[in-house]
Amino acid sequence: MILPIIAYGTPILKKKAQPVPSDYPGLGELVENMFETMYQAQGIGLAAPQIDLSIRLFIMDTEQLKESEEHDDLVPVKKVFINPEIVDRMGEECRYNEGCLSIPTIREDVIRPEKIVIEYYDEAFEKHEDTFDGLNARVIQHEFDHLNGVLFTDHLKPLKKRLLKKKLEAIAKGEVKMDYKMKFPLRK
Ligand code: NI
């Protein structure tokens, strides 16, 4: 089932999400719905707050990026991250042009470390610790931020943020064209 994606300006996107209990009802179905929703919107990552659930869970699949020449050395990762903790951040600070399904039409450069170590549970509640770098580390850090109520626009310099203010307000009002289902906080 495709779920509507919550747009910029909705309070749940600014909230710290709650841990997922191991007996969370309908977890398998939720994960399935999130993948369906993400693929339909042509995203490579989706966090639970973006579908109106304030829980610490996100999914990613970087397979779709492999088709572009820029990322031909990428090892695609398709995974579910539950109650994740980034335990280490290493490598150079890298710049990459990010977007977000909750903030359609806006893309901006964000600086983040190149490599991370993350602890998380999978959908069977098995614990893992893995290291990711490059684009995979990029997506994970972006999605992990969503669980703490942080959006990529929060990483921008104040001047850049001011320049985007009108565009962001228009998104909150639903005055934006996109080809997937969304829910806007201020749409009349
Ligand atoms: Ni996002």
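Throughout what follows, the structure given in this document is the object of discussion.

All right, on to the pattern of salt bridges then. In the structure shown here, the tally under the stated rule is nine salt bridges. Residue K14 pairs with D154 through a salt bridge whose shortest N-O separation is 3.0 Å. With K14 in the loop between β1 (5-6) and α1 (27-40) and D154 in the loop between α3 (134-147) and α4 (158-172), the pair connects residues that are 140 residues apart, well separated along the chain. Classification of D154 as partly exposed rests on a relative accessible area of 31%. K127 serves as the salt-bridge partner of E119, at 3.7 Å between the closest nitrogen and oxygen. For K127, a relative accessible area of 52% translates into the label exposed.

A separate point is α3. The end-to-end C-alpha distance of α3 is 21 Å, a good match for the 20 Å that 14 residues give at a rise of 1.5 Å each. Burial runs high along α3: 13 of the 14 residues are buried. Of the residues trailing α3, G149 is marked for its positive phi of about 70°.

Counted by the stated rule, this structure contains five aromatic pairs. Summarising the aromatic geometry, the rings of F81 and Y120 are spaced 4.5 Å apart at their centres and angled 50° between planes, so their arrangement reads as tilted. Highlighted residues: F81 in strand β4 (residues 78-98) and Y120 in strand β5 (residues 108-121), separated in sequence by 39 residues. Residues F81 and Y120 agree in their burial class; the two are buried. Between F81 and F132 the ring centres are 6.1 Å apart and the planes differ by 70°, which places this aromatic pair in the edge-to-face class. Of this pair, F81 sits in strand β4 while F132 sits in strand β6 (residues 127-133); the two residues are 51 residues apart in sequence, bridging distant segments of the chain. Overall, F132 belongs to the buried group, its relative accessible area being 8%. Through a chain of ring-to-ring contacts, three or more aromatic side chains come together here, namely F58, F81, Y120 and F132.

The rules behind the values
Residues numbered from 1 in each chain as written. Predicted model: local features only at pLDDT ≥ 70, side-chain atom pairs only at ≥ 80, totals over all residues. Heavy atoms only, no water. Salt bridge = Lys/Arg side-chain N within 4 Å of Asp/Glu carboxyl O. Helix = DSSP H or I, 4+ residues; strand = E, 2+ residues; numbered from the N terminus. Buried < 20%, exposed > 50% of the residue type's maximum accessible area, 1.4 Å probe, protein only. Expected span 1.5 Å × (residues − 1). Phe/Tyr/Trp six-rings, centres within 6.5 Å; stacked < 30°, edge-to-face > 60°.

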